[in-house]
Amino acid sequence: MSTAVPAGVATGIGSMPGTDPQEAARIAVGETALPFLPELPARGPGADLVGRTAALLIDVPMDYVHRTYRLCTAPGSLMRTARDHLRWDLDALEEQWERAGSGAPALKVQACGPFTLAAEVELRGGHRIARDRGAVADVAASLAAGLAEHAEQLERRLGTTVLVQLDEPSIGAVLDGTVTPLTRMDPIRPIPAAEAAQTLQSMAATIGRPMLLHSCAPPRWELLELLDGFTLSLDMSTIGEPDFDALGGYLDGGGMLAAGIVPACDTARPLDPEQPALALARLIDRIGLPRRVLAENLLVTPACGLAGVGPTGAAAALRTASGAARLLGDLSTD
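(A) Representation of the overall build of the chain in the model. Counting secondary structure elements, the chain contains twelve helices and eight strands. The principal-axis extent of the C-alpha atoms belonging to the chain is close to 60 × 45 × 35 Å. Among the 334 residues that make up the chain, the fraction classed as buried is 57%. Across the chain, every contact between residues at least 6 apart in sequence was considered, and the portion connecting residues at least 24 apart equals 73%.

Here it is in C-alpha cells:
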C-alpha cells in the first residue's frame, strides 16, 4: 500500500473557529508541518461541511431550502456564497503561506465525501440522494472532477503537492440503510461496502492525488479493508480492543494512519504533547506491532474538527499535535 502522505507530522482535521479566514490560515500554516485549508462553518450555510462542498461540484447545483440542502436545476445564492467563501479562503491561505515562507511538503484540503452528501442532501423531490444509486454516482463523479480541479489550482498557486481528504461522518448510515427516508413507508436500501469502496477508489483515480478518508465515528472495517492507497483519519477515542486486529493488519501492511489523539477542546492549561505521543506508543505496543510504526506510519491530528473551540484553543491543539508528532520518532526507537 503506497501513499505520499508524510509520516511524523501533524495536521488539522479541517474546521476552525470563527469567521476570519486570515486568522484561521495563519494558525493552520504556522502550527502544523502539514498545513491544511481551513473551513469556517460559523459563517453559516455554504461554509459548513456539506454547504462548502457545493462550491466544488461541477454541473450539479445545490441550494439551501427550509434549512436543508437540496439539489436544484440551476446555481443560486447558496452556490455563489459557497464559492465566495472558498475564494476568500484560498486568498487568505496563499497570503499566509507566502508570509510564512512555508516550505511544507504538502497542503491538505478537505471536502464532504460522496456518501455523507448522499445521506444529508435531498433530491429535488425531497428524497435523500442515497435513495437513487444513479444520483449517488453522479454526485461522486462531479465531486471527484471538482476536487481534481481544486487541487490543480492550489498546486499552481502555492507550488506544492495537494493531499485530498474526504470527510464521511455519515457513511455508517449509508452502509446500514439507516439514512432517514422521506416517509417510513419508503426506506432507503443500504449500499454494500464493496460498492462504496469501488466508488471511493474511482474518485481517487480521477482526483489523482494522495487521499485520506476521515470520520469521527467508529471505523467500518468492512469498508476500510477494501480500500487501497487511502490514509485513514480516525478519532482514536473510538478505537477499542475489537479494532486491534483490523488496525494492526492495516498498519502492518504499510497503511498510514492520521491518529486523532489530541482533545479538541479549550483548556486553561497548556496541553502536554508527551501524553498523546505516549498513548499512541502504548496502543502500538498493545496491538503487537514494532515501534518503528510510530515513525513510519503515523501522523497526528486533533480528535475532530476545531470549530467548537476558540482561536487560542485551536492553536494550542494543533501545537500539541505537532509536538506529539515530533516525539514519535524518539519513541520509535525505545
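(B) Examining the packing of aromatic side chains more closely. Inspection of every chain in the model, using the stated rule, returns one aromatic pair. Taking the centre distance of 4.8 Å and the plane angle of 55° together, the rings of Y64 and Y69 count as tilted. Residue Y69 is classed as buried on the basis of its relative accessible area, which comes to 7%.

(C) Focus on the pairing of strand β5 (residues 211–215). In terms of residue burial, β5 counts as a mostly covered element, since five of its five residues are buried. Side chains M211, L213 and S215 of β5 all project onto a buried face; the interleaved residues L212 and H214 project onto the opposite face, where all are buried too. With four bridges joining them, strand β4 (residues 161–167) and β5 adopt parallel strand pairing. Along β5, the bridge assignment pairs D167 with H214. Relative to strand β6 (residues 230–235), β5 is paired through five bridges, and the arrangement is parallel. Bridging from a neighbouring strand, S215 pairs with L234 of β6.

(D) Representation of the nonpolar core within the structure. Membership of the largest hydrophobic core comes to 107 residues, with the highest contact counts inside it found for M16, M62, I129, L247, L251 and L257. Ranked by the residues each element gives to this core, the list is headed by helix α5 (residues 133–158), at ten residues. Counting nine residues, the second largest nonpolar core, distinct from the first, contains L34, A106, L163 and L299.

What counts as what
Just so you know, the residues in each chain are numbered from 1, in the order the chain's sequence is written. In keeping with the predicted nature of the model, local features appear solely for residues at pLDDT of at least 70, side-chain atom pairs appear and are counted solely at 80 or more, and the whole-chain, interface and lining totals rest on all residues. Computation of side-chain values: all heavy atoms of the structure, hydrogens and water removed. Helix and strand assignments follow DSSP, with helices taken as H or I runs no shorter than four residues and strands as E runs no shorter than two, numbered in order from the N terminus. Relative accessible area decides the class of each residue, using a 1.4 Å probe on protein chains only: under 20% of the type maximum gives buried, over 50% gives exposed, and in between gives partly exposed. When checking whether two residues touch, look at their non-hydrogen atoms; a contact exists if any pair is within 4.5 Å. When two rings of Phe, Tyr or Trp (its six-membered ring) have centres within 6.5 Å they constitute a pair, described as stacked for plane angles under 30 degrees, edge-to-face for angles over 60, and tilted for the intermediate range. DSSP-based pairing: two strands are paired if at least 2 bridges between them are found. Buried Ala, Val, Leu, Ile, Met, Phe, Trp, Tyr and Cys residues that are joined via side-chain atoms within 4.5 Å together make up what is termed a nonpolar core.

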